[in-house]
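These are the residues of each chain, in order.
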Amino acid sequence: EPEVTQTPSHQVTQMGQEVILRCVPISNHLYFYWYRQILGQKVEFLVSFYNNEISEKSEIFDDQFSVERPDGSNFTLKIRSTKLEDSAMYFCASSIADKYLPLHFGNGTRLTVT
Amino acid sequence: SQELEQSPQSLIVQEGKNLTINCTSSKTLYGLYWYKQKYGEGLIFLMMLQKGGEEKSHEKITAKLDEKKQQSSLHITASQPSHAGIYLCGAERIQGAQKLVFGQGTRLTINP
């Protein structure tokens, strides 16, 4: 069964550094998302992406964050200058259409900012 | 904002027993999704409910959405160790929205 893949599974970085989290969505899906889960908290929506542009973003997704689909398969989340509070599990998801979800999630990247 | 509350927060049951997890909203749910998460892993889609009164089953798991579309329940029959994990309900915040709002999760432990 097709799946969403994320790399790396774990990323450790120093505060102020830039990180790029990578995702390969399911090949025939058109909508792409990033969610995050801070340890012990709820899964939170960050951003949705369709037709090469952001379709919706949350308050969390400030100017430090950006997303890109650099080619036909990858979908990336960049954090420009990481903060301690960015430490979380970041999940990529994709869906085939905007209606009648479900989202299919990857296994996540655990980001630790020291 | 549309908050989802799950109950219980954690549940320990003996293998073979039945159990129910609830997901409640103060507002109408336009789409309700159940996911399972194993510790440190991604969310695995279980079921999607959209119509009031809808019920779906997959193997030993049944999910229902009430008529008012404000509460959903997930019922597991004859639980097995493989059912252990964190169960999350997610909902469309507004009709047709692309993003989901999630509950805090219910941690299920199955004792042999």
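Residues numbered from 1 in each chain as written. Chains lettered and ligands numbered in written order. Predicted model: local features only at pLDDT ≥ 70, side-chain atom pairs only at ≥ 80, totals over all residues. Heavy atoms only, no water.

*Asks:* Would you explain the overall build of chain A in this entry?
*Replies:* Counting its regular elements, chain A contains zero helices and eleven strands. When the helices and strands of chain A are read in sequence order from the N terminus, they spell out β-β-β-β-β-β-β-β-β-β-β. For 114 residues, the compact-globule estimate of 2.2 N^0.38 gives 13 Å, and chain A sits close to it at 13 Å. With the C-alpha coordinates aligned to their principal axes, the bounding extent of chain A is approximately 40 × 25 × 25 Å. Classification of the 114 residues of chain A by burial places 45% in the buried group. For chain A, the proportion of contacts with a sequence separation of at least 24, taken over those separated by at least 6, is 54%. When the accessible surface of chain A is summed, it comes to about 5,800 Å², and 45% of that surface belongs to carbon and sulfur atoms. (Helix = DSSP H or I, 4+ residues; strand = E, 2+ residues; numbered from the N terminus. Rg over C-alpha atoms; globule rule 2.2 N^0.38 Å. Buried < 20%, exposed > 50% of the residue type's maximum accessible area, 1.4 Å probe, protein only. Contact = heavy atoms within 4.5 Å. Areas by Shrake-Rupley, 256 points an atom, 1.4 Å probe, with all protein chains shown as cover.)

*Asks:* What is the right way to look at the interface of chain A and chain B in this model?
*Replies:* When the parts of a complex come together, some accessible area is lost, and that lost area is often used as the size of the interface. Opposite the 21 residues of chain A that make contact, chain B presents 23 residues. In total, about 1,900 Å² of surface goes out of reach between chain A and chain B, with carbon and sulfur atoms giving 55% of it. For the pair chain A and chain B, the number of links is two salt bridges. For B:Glu3, the salt bridge identified is with A:Lys42, shortest N-O distance 3.1 Å. Taken together, chain A and chain B are joined by seven residue pairs in polar contact (both at pLDDT 80 or more). Elements supplying a minimum of two residues to the side of chain A that touches chain B: β4 (31-37), β5 (43-50), β6 (53-57) and β9 (88-95) of chain A. (Buried area = accessible area lost by both parts, 1.4 Å probe. Salt bridge = Lys/Arg side-chain N within 4 Å of Asp/Glu carboxyl O. Polar contact = N/O pair within 3.5 Å; in protein donor to acceptor, adjacent residues only side chain to side chain.)

*Asks:* Looking at this structure, how should I read the pairing of strand β4 (residues 32-37) of chain B?
*Replies:* On a regular strand, each side chain points to the face opposite its neighbour's, so the side chains alternate between the two faces of the sheet. Residues and elements named next belong to chain B. Taken across its six residues, β4 has six buried, putting it largely inside the fold. Along β4, one buried face is formed by Leu32, Trp34 and Lys36 and the opposite face, lined by Tyr33, Tyr35 and Gln37, is buried too. Relative to strand β5 (residues 43-49), β4 is paired through six bridges, and the arrangement is antiparallel. Looking across to β5, one finds that Leu32 is bridged to Leu49. Hairpin connection between β4 and β5: a loop of five residues separates the two successive antiparallel strands, and Gly40 in this loop has a positive phi of roughly 75°. (Pairing = 2+ DSSP bridges.)

*Asks:* Can you walk me through the side chain of B:Glu92 in this structure?
*Replies:* Within the secondary structure layout, B:Glu92 lies in strand β9 (residues 85-92). An unpaired buried charge is present at B:Glu92: no salt bridge exists, and B:Lys69, the closest side chain of opposite charge, is 8.8 Å distant. (Lys, Arg positive; Asp, Glu negative; His and termini not counted.)

By themselves, these are just geometric observations and shouldn't be taken as functional.
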